[in-house]
Amino acid sequence: MWGAEMGANQAGVVIGNEAVWNRLSCSSHDLVSRLLGMDLLRLGLERGNTAREAVEVITSLLEKYGQGGQCSDIVPDFSYHNSFLIADQTEAWVLETADRLWAAEKVERGCRNISNCLSIGTRVDLCSRGLMETAKEKGWWNGVEPFNWAIVLGGGASGELENPDSRWRCGKNLLEENAKLGKFKVEDMMEVLRDEKSGINRPGGDFPTAGSQVSSLGCDTARACHWLTATLAPSRSVFKPFVFCSSNKMTGLTQSPAGVGLAPGERKHPLWKVVDAGKEGGEEIRHLESWCLETGDQERRKPFSEIDNVFNEAVEKEFNL
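This one's a predicted model, so the numbers in the text were calculated from it and none came from an experiment. (Residues numbered from 1 in each chain as written. Predicted model: local features only at pLDDT ≥ 70, side-chain atom pairs only at ≥ 80, totals over all residues. Heavy atoms only, no water.)

**Student:** Is there a simple way to explain the sheet that holds strand S1 (residues 6-8) in this structure?
**Tutor:** Across a sheet, strands are paired by hydrogen bonds formed along the backbone, either parallel or antiparallel in direction. Spatial strand order, S1-S2-S3-S4-S5-S6: six strands in an open sheet with antiparallel pairing. Because the sheet does not close on itself, it has two edges, and the strands there are S1 and strand S6 (126-127). By the bridge criterion, five bridges tie strand S3 (residues 81-87) to strand S4 (residues 92-98) in an arrangement that is antiparallel. The residue of S4 that forms the bridge with leucine 85 is valine 94. Against the sheet, helix H2 (residues 37-47) touches S1, strand S2 (14-20) and S3, its axis set at about 165° to S2. (Pairing = 2+ DSSP bridges. Helix = DSSP H or I, 4+ residues; strand = E, 2+ residues; numbered from the N terminus. Contact = heavy atoms within 4.5 Å. Axes fitted to C-alpha atoms, helices over the stretch in contact; angles between N-to-C directions.)

What follows is the structure, encoded as structure tokens:
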């Protein structure tokens with residue numbers, strides 16, 4: 001596996017990924033090695049200088065090579081299709097896939113989230129060539145009612161999860177509740193990602209939360225800043241600031257041991273081990289996170305040549321708590 005379920009590039013593009021299942025999900029077909037969602041995300045960030053370009057990169061690769069392969073080294077024979085939330089400073093897209101078919105919705109107002117279900121409805125701004133014709137030919141859609149991507153391609157599939165749309169509905173409600181006054185802040189997003197009742201934050205089980213990211217995408221006077229836990233369990237982790245700079249080399253405290261065939265437990269990096277053994281977030285964590293928020297905001301406003309690698313400094317502070 002080469003890539004991750006979320007990331008950012010120096011051009012200011014950010015992408016997040018979720019597993020989805022649909023009427024085209026088939027384990028025998030989907031477990032054949034092709035491109036994983038993490039591959040597509042990485043390549044979108046590598047080649048896309050805007051959110052729209054990243055959409056085009058991912059969809060062209062999807063149509064040419066397809067998606068598939070073993071998606072977990074913890075749960076055997078686990079596969080899924082992929083959805084993506086893709087944004088830059090000026091626009092945002094939701095991209096959802098079903099095998100080599102896809103649909104994209106441009107986000108123009110309000111809050112938007114993705115989770116483990118198809119969520120694009122009748123607003124399809126971009127799609128794979130011949131999508132609606134295929135749906136009609138296969139008998140998935142009668143061609144009379146408005147084409148609803150989630151209903152037509154969803155097919156009631158839920159994959160390995162019970163109530164896969166539950167996290168999506170809860171996330172949508174949490175975002176809308178926090179944004180009611182029009183003052184949605186970085187701190188609010190961090191708290192959404194820490195919510196356990198909704199299932200957004202999963203501290204254990206077969207599918208634990210393995211990392212969390214909050215990105216502020218910048219403006220004319222500030223660069224993008226990304227706050228990353230780099231660890232499991234955001235409820236007991238610190239969101240640490242990262243701003244692209246001339247010295248992006250990461251500290252060894254967040255580098256996993258190298259080697260072929262390492263078990264998941266053997267790949268834990270030093271900071272992960274500290275957080276894994278820790279307790280729920282206390283005053284020390286909240287105090288450090290306040291410093292991280294303030295420091296990240298300061299660094300993003302500096303000229304590029306003057307930006308410091310404050311992520312490494314924050315990691316060391318958390319490691320020594």
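Resuming the write-up.
**Student:** Help me understand the sheet that holds strand S8 (residues 225-228), please; the structure alone is not making it clear to me.
**Tutor:** Pairing in this open sheet of three strands is antiparallel, and the strands run S7-S8-S9 from one edge to the other. Two strands in the sheet have a free side with no partner beyond their single neighbour: strand S7 (213-216) and strand S9 (240-242). Averaged over all neighbouring strand pairs, the angle between strand axes comes to 25°, with direction disregarded. Here S7 pairs with S8 via four bridges, running antiparallel. In the strand pairing of S8, serine 216 is matched with cysteine 225. Here helix H9 (residues 283-299) sits on the sheet and contacts S8 and S9; the angle it forms with S8, its principal contact strand, is near 155°. Lying on the sheet, helix H10 (residues 310-319) is in contact with S8 and S9; it crosses S9 at an angle near 165°.

**Student:** Just checking my understanding: could you explain H9 for this structure?
**Tutor:** One turn of an α-helix holds 3.6 residues; hence residues three or four places apart share an orientation. An ideal rise of 1.5 Å per residue puts 24 Å on 17 residues; H9 measures up with 24 Å between its terminal C-alpha atoms. At its buried positions, H9 is contacted by helix H7 (186-193), S8, S9 and H10. (Expected span 1.5 Å × (residues − 1).)

**Student:** Help me understand the environment of glutamate 318 in this model?
**Tutor:** Counting through the fold element by element, glutamate 318 comes out in helix H10. Put simply, glutamate 318 and histidine 226 are 92 residues apart on the chain and 17 Å apart in space, counted from C-alpha to C-alpha. Each residue touching glutamate 318, except ones within four places of it in the same chain, is listed here: Ser237, Val238, Lys240, Leu271, Val275 and Leu288. Of the polar contacts made by the side chain of glutamate 318, one reaches the backbone nitrogen of valine 238; its length is 3.1 Å. (Polar contact = N/O pair within 3.5 Å; in protein donor to acceptor, adjacent residues only side chain to side chain.)

**Student:** In this structure, what is going on with helix H3 (residues 51-65)? I would like to understand it.
**Tutor:** Across its 15 residues, H3 extends 21 Å between first and last C-alpha, which sits within 8% of the 21 Å expected from 1.5 Å per residue. Residues of H3 that are buried in the fold lie against S2, H2, S3, S4, strand S5 (101-107) and S6.

**Student:** For this particular structure, what's the right way to read unusual backbone geometry?
**Tutor:** The bulk of non-glycine residues show a negative phi, and the bulk of peptide bonds are trans. One non-glycine residue, aspartate 99, lies in the positive phi region at around 55°. Looking at the element boundaries, aspartate 99 is found in the loop between S4 and S5. Although it is not a glycine, alanine 230 adopts a positive phi angle of roughly 60°. In this fold, alanine 230 is placed in the loop between S8 and S9.

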